[in-house]
Amino acid sequence: MTRPLRLGTRGSALAMAQSGHVAEALTEATGREVELVEVVTAGDRSAAPVHRLGVGVFVSALRDALAADAIDFAVHSYKDLPTAAAPGLHIAAVPPRHDPRDALVAKDGRTLAELPSGAVVGTGALRRIAQLHALGMQLEVTPIRGNVDTRLGRVLGPDADLDAVVLARAGLARLGRTDVITETLDPMLMLPAPAQGALAVECRADDTDLVELLAVLDHAPSRAAVVAERALLATLEAGCSAPVAAYAVIAEGEPTSSLAGGAGGDEIYLRGAVISPDGTRDLRLSRTGTPADAAEIGKALAAELLDLGADSILGHDGSTGPGTQHIGSTE
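Anyway, here's the lowdown on the structure attached to this text.

On to the side chain of K79, then. Note that K79 resides in the loop between β3 (73-77) and β4 (89-93). Within the structure, the side chain of K79 is placed 3.2 Å from the side chain of Q196, a separation counted as a polar contact.

So, in structure tokens, the structure goes:
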């Protein structure tokens, strides 16, 4: 009798929810049973501010468990992963991406435009802090940590001390908490983090049977979008907590030749931004191409941002760079 596959996951409510969704989808598609194995990471034990956390703080323990054969595969919030590939491991699937936009949860059902001058807004991401400052709304933005319930409690709870918080909409959706959202933020106002809303299903590269099994979960458009966004991030040599934003959209085109059965003219549209933490410098560009060229599009857009001075923005903030890590899935 085939034993259940061991799926490694962090123990937070959000991590367990998203891992549970992956487990259910795999069982439904293949018939294989899956059991969740909780793995405690260094990030779960730390109370340090977001920008002080090291690269892979939510990832390394899961990858160690994979290497030790303590688990068969792992599910990560893709934006938590360092951009460099992990030796001996393989991203076997990128499931359909959830809505990558950010969401506002505010007192009295207010939207962002309805927040008064001086309103206190909490978020764990330097990228969001920078973009909120760039709006010029005279908001007081404060860094916060904690799981989703903790953050929501600071706006909606009996001891609320914030006027609003900004979180990833995908995380709220996976927890069934979209009812608390007072506004889903337009990417023109708040461009998401690279790979926000996407999951990475990772296993050992030499486990060829499992690589093939997990491939059933892969969603090609989601993978192409994430590849473009993360190529931009890697080319900028920016860490995951840097004030870098990227959002790729795949648009389905008309078949190149319906008579010849052409694959179609799908297009990828990538927007990228680098914003100084105080919001005074805000570089935004876009680029288009085909999904097959996703990585090259990301690299090219990053090169254009660097030509405009993005390196000076990233270099002036000691908390940014390849040695930092985004709080990621706890948002």
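Let us look at the nonpolar core. Membership of the largest hydrophobic core comes to 22 residues, with the highest contact counts inside it found for L232, L236, V244, L270, V274 and L305. Contributions of two or more residues to this core are made by α8 (220-235), β11 (244-251), β12 (267-275), α9 (294-307) and α10 (310-315). The residues touching L236, leaving out its near neighbours within four places in the chain, are V244, V274, A302, L305, L306, A310 and L314. Grouped together as the second largest cluster of nonpolar side chains are 16 residues, A23, A92, A93 and L217 included.

Among the structural elements, A251 can be located in strand β11. In this structure, the C-alpha to C-alpha distance between A251 and P221, residues 30 residues apart in sequence, is 9.2 Å. Residue contacts for A251: discarding those within four places in its chain leaves D266 and E267.

Taken together, 3 strands build an open sheet; the order of strands is β11-β12-β13 and the sheet is antiparallel. Looking at the sheet topology across the chains shown, the edges are occupied by β11 and β13 (282-289). When strand polarity is set aside, the average angle formed by the axes of neighbouring strands in this sheet is 10°. For β11 and β12, the ladder comprises 8 bridges, and the chain directions are antiparallel. Bridge assignment links A248 to a residue of β12, and that residue is L270.

Moving on: the packing of α8 against α9. Viewed as axis vectors pointing N to C, α8 and α9 meet at an angle of 35°, and their least axial separation amounts to 7 Å. Every pair of crossing elements has a handedness; the one defined by α8 and α9 is right-handed. Facing α8, whose interface residues are A224, V227, A228, A231, L232 and T235, α9 presents A294, A295, G298, K299, L301, A302, L305 and L306. A breakdown of the residues in the contact of α8 with α9 according to their chemical character gives 11 nonpolar, 2 polar and 1 charged.

Moving on, we come to helix α1 (residues 13-30). The terminal C-alpha atoms of α1, which comprises 18 residues, lie 26 Å apart, in line with the 26 Å expected from a rise of 1.5 Å per residue. Each element contacted by the buried residues of α1 is listed here: β1 (5-9), β2 (34-38), β3, α6 (169-174), β10 (199-204) and α7 (208-214). Of the residues flanking the end of α1, it is G31, one or two places downstream, whose phi is positive at about 85°.

This brings us to the environment of S12. Within the secondary structure layout, S12 lies in the loop between β1 and α1. Along the backbone, S12 and N147 are 135 residues apart, and their C-alpha atoms lie at a distance of 7.4 Å.

Scoring rules and cut-offs
Residues numbered from 1 in each chain as written. Predicted model: local features only at pLDDT ≥ 70, side-chain atom pairs only at ≥ 80, totals over all residues. Heavy atoms only, no water. Helix = DSSP H or I, 4+ residues; strand = E, 2+ residues; numbered from the N terminus. Polar contact = N/O pair within 3.5 Å; in protein donor to acceptor, adjacent residues only side chain to side chain. Core = buried A, V, L, I, M, F, W, Y, C linked by side-chain atoms within 4.5 Å. Buried < 20%, exposed > 50% of the residue type's maximum accessible area, 1.4 Å probe, protein only. Contact = heavy atoms within 4.5 Å. Pairing = 2+ DSSP bridges. Axes fitted to C-alpha atoms, helices over the stretch in contact; angles between N-to-C directions. Left-handed = near helix turned anticlockwise from the far one by under 90°. Nonpolar A, V, L, I, M, F, W, Y, C, P; charged D, E, K, R; others polar. Expected span 1.5 Å × (residues − 1).

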